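Chain residues, written in single-letter form:
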Amino acid sequence: MKSPFDDNYFMQKALQEAELAFDKGEIPVGAVVVIKDRIIARGHNLTELLNDVTAHAEMQAITAAANFLGGKYLHDCTLYVTLEPCQMCAGALYWSQISRIVFGARDEDRGCINLKTTLHPKTIIEGGVMADEASNLIKRFFIEKRNLN
């Protein structure tokens, strides 16, 4: 039986997390981890609030998913994240052995694809899902931030 959920559905949930980050004055990146069509973890950037450079959306979601599953490996899980993971997050995703990563907007400067960061050999990575929505949210954040300064 085909699932009623698709990549756009789960990316929309990640975008909702990104909006939470936006509302907190954080760079609006959001993530959800899914297993068998069920969201088991959510995260958004908290680097400013926690004063922690490692508090990226992906890191928050990885930790929450591992806690939910009771182990460090995210086999059979998919991470939906609104922005292409950076090198740090890609490294954590490598060690988590996550099965699939789906991202929205590309990060041409700091994204793991241009930096040729190694992901786990079994990890599938796909990009461009709701890329315009994700990109527009980030652009709006920086426009508003510049206008406040």
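Thresholds, definitions, all that
- Residues numbered from 1 in each chain as written.
- Predicted model: local features only at pLDDT ≥ 70, side-chain atom pairs only at ≥ 80, totals over all residues.
- Heavy atoms only, no water.
- UniProt positions renumbered as here; feature names shortened; annotations may be inferred.
- Helix = DSSP H or I, 4+ residues; strand = E, 2+ residues; numbered from the N terminus.
- Buried < 20%, exposed > 50% of the residue type's maximum accessible area, 1.4 Å probe, protein only.
- Axes fitted to C-alpha atoms, helices over the stretch in contact; angles between N-to-C directions.
- Parallel < 35°, antiparallel > 145°, perpendicular 65-115°, else oblique.
- Contact = heavy atoms within 4.5 Å.
- Nonpolar A, V, L, I, M, F, W, Y, C, P; charged D, E, K, R; others polar.
- Pairing = 2+ DSSP bridges.

The chain appears in an unreviewed UniProt entry as tRNA-specific adenosine deaminase from Hanstruepera neustonica. Turning to the chain, the UniProt record has this under Subunit (unreviewed entry): "Homodimer." Listed in UniProt under the heading Sequence similarities (unreviewed entry), the comment for the chain reads: "Belongs to the cytidine and deoxycytidylate deaminase family. ADAT2 subfamily."

Caption draft 1: Structural context of unusual backbone geometry. Positive phi values are uncommon outside glycine, yet lysine 36 reaches one of about 50°. Located in the positive-phi region is aspartate 37, a residue other than glycine, with phi close to 65°. Among the structural elements, aspartate 37 can be located in the loop between β1 (30-35) and β2 (38-44). You can call aspartate 37 partly exposed: its relative accessible area is 34%.

Caption draft 2: Seen up close, the packing of helix α1 (residues 7-23) against helix α5 (residues 131-148). Between α1 and α5, the least distance of the axes is 11 Å, while the angle of their chain directions is 5°. Looking at the two axes, α1 sits roughly parallel to α5. Contact residues: α1 offers Leu15, Ala18, Glu19 and Phe22, while α5 offers Glu133, Ala134, Leu137, Arg140, Phe141 and Glu144. Residues belonging to the contact of α1 with α5 are distributed by class as follows: six nonpolar, no polar and four charged.

Caption draft 3: The sheet that holds strand β5 (residues 124-126), seen in detail. Taken in spatial order, the five strands make up an open sheet running β2-β1-β3-β4-β5, and their pairing is mixed. Both edges of this open sheet fall to β2 and β5, since each of them pairs with a single strand only. Recorded for the sheet is a direction-independent mean angle of 15° between the axes of neighbouring strands. Taken together, the three bridges between strand β4 (residues 100-105) and β5 define a ladder with parallel strand orientation. Bridge assignment links arginine 100 to a residue of β5, and that residue is isoleucine 124.

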